[in-house]
Amino acid sequence: MADLSELGSQIAASLPPGAVTEAYVARGVELVIRIRRDQVRTVMAILRADPRFAFEQMMDLCGVDFPERPERFEVVWNLLSLTHNHRIRVVTTTDAETPVASVTAIWPVAGWWEREAWDMYGIAFEGNEDLRRILTDYGFQGHPLRKDFPLTGHVEVRYDEERREVIYEPVNLPQDFRNFDFLSPWEAMTTLPGDEKVHLNRIAPPPASLLEGQKALPDAEKQP
């Protein structure tokens, strides 16, 4: 805890004034710093190049959606220093229109993560020349991890026998498919061909205990 707090203080002191808005140790084991959006490239370059920090690897980049906030998205980078064996989580915020600076020039692997954040949340990254779908189809509409994205999606895909091609069309939910009895299809199935004896054994009453049978006999028929 003390080492992480000291590391956070050193990082905050080494960055441009005002770049870090908050630094704290979460759950006693994770160093988190929150930075201004316009300082992303400067902060990341220092964290990568400064030998006191030496965060050589970017392990993850992800988005978080808080629709009730003016800047609804948080962009989170998880960095690892193999030299010093410590980690840091860097967080900034943005909205649906304002791009965040790409860090692909610092960690080339960030290109894949930024594409995923764009695909899932619609977070744009300035400087990434390859922002395109990576998990959804190229014709997909919207960004599925946004909290206000409909659970059914906007369109559905099916193969049309007449046109002999895959087509997109508005989602159509027939009412028949909204009524569920939550029963397993196997529970409603009768005896399967070849399983007659198994089925009879399954539905037959369990055999009575031998001790219970002895008690049911008349006294004269009981063995001495």
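So, how was this worked out
Residues numbered from 1 in each chain as written. Predicted model: local features only at pLDDT ≥ 70, side-chain atom pairs only at ≥ 80, totals over all residues. Heavy atoms only, no water. Helix = DSSP H or I, 4+ residues; strand = E, 2+ residues; numbered from the N terminus. Buried < 20%, exposed > 50% of the residue type's maximum accessible area, 1.4 Å probe, protein only. Contact = heavy atoms within 4.5 Å. Areas by Shrake-Rupley, 256 points an atom, 1.4 Å probe, with all protein chains shown as cover. Phe/Tyr/Trp six-rings, centres within 6.5 Å; stacked < 30°, edge-to-face > 60°. Lys NZ or Arg CZ within 6 Å of the ring centre and 35° of its normal. Pairing = 2+ DSSP bridges. Axes fitted to C-alpha atoms, helices over the stretch in contact; angles between N-to-C directions. Salt bridge = Lys/Arg side-chain N within 4 Å of Asp/Glu carboxyl O. Polar contact = N/O pair within 3.5 Å; in protein donor to acceptor, adjacent residues only side chain to side chain. Core = buried A, V, L, I, M, F, W, Y, C linked by side-chain atoms within 4.5 Å.

S.K.: Explain the overall build of the protein to me, and be specific about the residues and the numbers.
M.R.: When helices and strands are tallied, the protein shows five helices and nine strands. For the protein, the succession of helices and strands along the chain, N to C, is α-β-β-α-β-β-β-β-α-β-β-β-α-α. Buried residues in the protein amount to 31% of all 224 residues. Long-range contacts, defined as pairs at least 24 residues apart, comprise 46% of the intrachain contacts of the protein with a sequence gap of at least 6. Of the roughly 15100 Å² of accessible surface on the protein, a fraction of 56% belongs to carbon and sulfur atoms.

S.K.: Account for the packing of aromatic side chains, naming residues and giving values.
M.R.: Taken as a whole and judged by the stated rule, the model has two aromatic pairs. Centre to centre, the rings of Phe-140 and Phe-149 are 5.9 Å apart; their planes meet at 25 degrees, and the pair counts as stacked. Lying over the aromatic face of Phe-66, Arg-69 brings its terminal NZ or CZ to 3.7 Å of the ring centre. Its guanidinium or amino end placed over the ring of Trp-112, Arg-115 lies 5.7 Å from that ring's centre, counting from NZ or CZ.

S.K.: Got a sec to walk through the environment of Arg-37? Specific residues and values, please.
M.R.: Assignment of secondary structure puts Arg-37 in the loop between β2 (30-35) and α2 (40-49). Given the relative accessible area of 23%, Arg-37 is considered partly exposed. In the structure, Arg-37 is positioned 57 residues away from Thr-94 in sequence and 7.2 Å away in space, judged by C-alpha atoms.

S.K.: Requested: an account of the sheet that holds strand β1 (residues 20-26), with residues and values cited.
M.R.: The mixed open sheet is built from five strands, whose spatial order is β1-β2-β5-β4-β3. Single-partner strands in this sheet number two, and they are β1 and β3 (57-65). Pairs of neighbouring strands in the sheet enclose a mean axial angle of 20 degrees, with direction left out of account. Where β2 and strand β5 (residues 86-94) come together, three bridges link them in parallel fashion. Across the sheet, Val-32 pairs through a bridge with Arg-89, a residue of β5. Of the strands in this sheet, β2, β4 (73-81) and β5 are in contact with α2, which crosses β4 at around 15 degrees. Helix-sheet contacts for helix α3 (residues 110-121) involve β3 and β4, and the interaxial angle to β3 is about 10 degrees.

S.K.: Please provide a residue-by-residue account of the pattern of salt bridges, values included.
M.R.: Going through the model one piece at a time under the given rule, you end up with 16 salt bridges. The residue Arg-36 makes a salt bridge to Asp-38 at a minimum N-O spacing of 2.6 Å. With a shortest N-O distance of 3.0 Å, Glu-71 and Arg-37 are connected by a salt bridge. Taken together, the residues span a long stretch of sequence, with Glu-71 in the loop between β3 and β4 and Arg-37 in the loop between β2 and α2 at a distance of 34 residues. A cluster of three or more residues bridged by salt bridges with shared partners is formed by Glu-22, Arg-34, Arg-69 and Glu-74.

S.K.: Now, about the environment of Ser-81: what can you tell me, with residues and values included?
M.R.: As for its placement among the helices and strands, Ser-81 is situated in strand β4. Separated by 24 residues in the primary sequence, Ser-81 and Gln-57 have C-alpha atoms spaced 6.5 Å apart. Only 3.1 Å separates the side chain of Ser-81 from the backbone nitrogen of His-84, close enough to count as a polar contact.

S.K.: Tell me about the nonpolar core, residues and numbers included.
M.R.: With 34 residues, the main nonpolar core has Ile-11, Met-44, Leu-47, Trp-77, Leu-79 and Val-90 as its most contacted residues. Leave out the neighbours within four places in its chain, and Ile-11 touches Leu-31, Ile-33, Leu-47, Phe-53, Phe-55 and Ile-88.

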